[in-house]
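Fold and geometry: a report
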Amino acid sequence: MTVPATAIAPLDSLPCYTSALKAIEALKPTEPLYLLHPEKFAAQAKIFLEGFPGEILYAAKSNPHPYALELLWNAGIRHFDTASLGEIEGVKTALPDAICHFMAPVRLPGQAKAALEQHGVKDFVVDTDSELDKLLAEVGDAKKIRVFVRLVASLGGALLEMSSKYGCRPEEAAKLLKRVQASGAQPCLTFHVGSQCLSPFSYAQAIEIANRTVGLAGVPIRALDIGGGFPIAYSGQEPPPYHWYFDMIKEAFANMDAKDVPVMCEPGRALCAPGISLVTQVVLRRGDRLYLNDGIYGSFDEQRFASFDEDYPPSAITLDAKGKAKIPGGELLPFRAFGPTCDSADKLPRSLMLPDGINTGDFILFGAMGAYTVSSRSNFNGYYPDNWAVIVA
Ligand SMILES: *Cc1c(COP(=O)(O)O)cnc(C)c1O
C-alpha cells in the first residue's frame, strides 16, 4: 500500500462541529470525511480500564492513526499491542511515552532486536521453535524479556477467526514454555479468540485451555494475555454487554490452578470503532444503485470478508434549499452501494436500507467506522480518504 506522504495536521487544528449534521452543512464534503468523536474513545477506554482485571493493550493495527492513538492516550490507555517495527515506530512517534509490546508470532529478521534496543520493548510472542531460536539469538540476554507462547483458540464464537494462521496446540505450547523457562526469559501465554467475538464463553474456554497447557508444561507462567476480539454493536446485531465478558473472564481466572497470574488483554476494535463515523457522498443515484465516493478499497475494506456479515449503521442526509441538513423522505428501500474505483468488486456486499428520497449529491453517514477502516484504506485508482473533523457535543 502506498500512503500519500502528507503531513498530519495536529488534532486540535481540525475543524470542530457540534454534530455530524452541522459538519455536513458547513463542509458539504465531496470527498469522504472522517468524524472523530473524542467522548466515544474515552467511553470505550473507560469500560476496559474499569472493567477488565488487568492491563489494557490497545491493538494498534485496528487503527494506528495518530488521532486514534492520541485520543486513546488522553483516555488513559498507556500500553500498545504492536506487530511490526513500523507499527512500534508509529506509536512511539505519536506517543513517546507509550509502552509497546511486540505481539506478532512471526517477525522480520532483526525487528525484535531493534524493538528491544531502540524502543525498550520487552514482550514478544512465539508459536514455533524456530521463531523462539531467532528471538533468543536477537535479544542476547533472555532475562530481559517475557516470551508469550501463542495458543490456537478456534472456538467458533467470532466473526473473523484468528487461529488458522498463528498459534500452536497445547502440547507444542507446553514444550515451548519449557524452552522459554530454560532460556531464562519469563514464560507467558497468549491467544486470540477471533475478532468481533460474540460469545463471552469463548474467552472462558480459551483460559481453560491455557490453564491445561500450564499443567502440561509444569512451568509457572508469569503472565496471561487473552488477546482482543471484544465486539461492538454494528447494524442488526447487539452483542452481549461487556460486563458479561469481564465476569466470565474473571470467573475463568479464578478457576485457574495458578493464582494471581498478571493478566492483559489487547482490544482493538472495541476501543476504536465507535469513535469514528464517516460521511460519504452519493456521487450518482441510478435506480436502486448508489455510487459512493468511498468503497472496498477505502474505508470499507473489512466488508470483503464473507464471514464479517455486519454493516456500519447508515443514515441518509440531504441538504434542503436553505442548506439545512435533514433526512430525505420516502419509504426505506434496499439500495446497492458501489465504491468509486473502476473495479467491479468495489461494491458493498449487502444492500443498504435507505429512504427512497435519497439522490445524487446527498450524503450517507456511517457509524462505528473506527476499526479496520482507516488502517487498511489504499489509494487504489487514486482514491484515498483522508479528510478529518472533530465532533464535540
Ligand atoms: C488484531 C489483533 C488484536 C485486536 O483484535 P480485535 O478483534 O480488534 O480486538 C489483538 N491481538 C492480536 C495479536 C491481533 O492480531
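All right, on to the environment of I145 then. Along the polypeptide, I145 turns up in the loop between α6 (129-139) and β7 (146-151). Placed 23 residues apart in sequence, I145 and K122 show a C-alpha to C-alpha distance of 4.7 Å. Look past the residues within four positions of I145 in its chain and what remains in contact with it is L116, K122, F124, L135, V139, A185 and Q186.

Turning to the pairing of strand β3 (residues 55-59), a few remarks are in order. With four of five residues buried, β3 lies mostly within the body of the structure. As judged from the two bridges shared by β3 and strand β12 (residues 263-265), these two strands associate in the parallel manner. For E55, the partnering residue across the bridge sits in β12 and is M264. Looking at chain direction, β3 and strand β4 (residues 79-82) are connected through three bridges and run parallel. Note that in β4 the partner of A59 across the bridge is D81. Handedness of the β-α-β unit built from β3, helix α3 (residues 66-74) and β4 comes out right-handed.

If you trace the backbone, D225 turns up in strand β11 (residues 224-225). This buried residue, D225, is left without a salt bridge; R146 holds the nearest opposite charge, at 7.7 Å.

Turning our attention to the site of the ligand. In the vicinity of the ligand lie 15 residues, with K61, S195, G229, E266 and Y372 positioned nearest. Side-chain polar atom of E266 to a nitrogen atom of the ligand: 2.5 Å apart, as the coordinates give it. Between G268 and the ligand, the recorded distance is 2.9 Å, taken from a backbone N or O atom to an oxygen atom. Relative to its unbound accessible area of 390 Å², the ligand is 92% covered by the protein chains. Of the residues that constitute the shell around the ligand, the class distribution is five nonpolar, five polar and five charged.

Okay, the pattern of salt bridges next. Should the charged atoms of two oppositely charged side chains come close, the side chains can pair. Applying the stated criterion across every chain yields a total of 15 salt bridges. Here D129 and R179 are joined by a salt bridge, their closest N and O atoms 2.7 Å apart. Taken as a pair, D129 in helix α6 and R179 in helix α7 (residues 170-183) lie far apart in primary sequence, 50 residues in all. Given the relative accessible area of 31%, R179 is considered partly exposed. For D311, the salt bridge goes to R350, with nearest N and O atoms at 2.9 Å. In this pair, D311 sits in the loop between β14 (289-292) and β15 (314-319) while R350 sits in the loop between β17 (332-338) and β18 (352-355), placing the two residues 39 residues apart along the sequence. Linked through salt bridges whose partners overlap, the residues forming this network are R107, E131 and K134.

The rules behind each value
Residues numbered from 1 in each chain as written. Predicted model: local features only at pLDDT ≥ 70, side-chain atom pairs only at ≥ 80, totals over all residues. Heavy atoms only, no water. Helix = DSSP H or I, 4+ residues; strand = E, 2+ residues; numbered from the N terminus. Contact = heavy atoms within 4.5 Å. Buried < 20%, exposed > 50% of the residue type's maximum accessible area, 1.4 Å probe, protein only. Pairing = 2+ DSSP bridges. Right-handed = clockwise from strand over helix to strand, strands pointing away. Lys, Arg positive; Asp, Glu negative; His and termini not counted. Salt bridge = Lys/Arg side-chain N within 4 Å of Asp/Glu carboxyl O. Near = heavy atom within 4 Å. Polar contact = N/O pair within 3.5 Å; in protein donor to acceptor, adjacent residues only side chain to side chain. Areas by Shrake-Rupley, 256 points an atom, 1.4 Å probe, with all protein chains shown as cover. Nonpolar A, V, L, I, M, F, W, Y, C, P; charged D, E, K, R; others polar.

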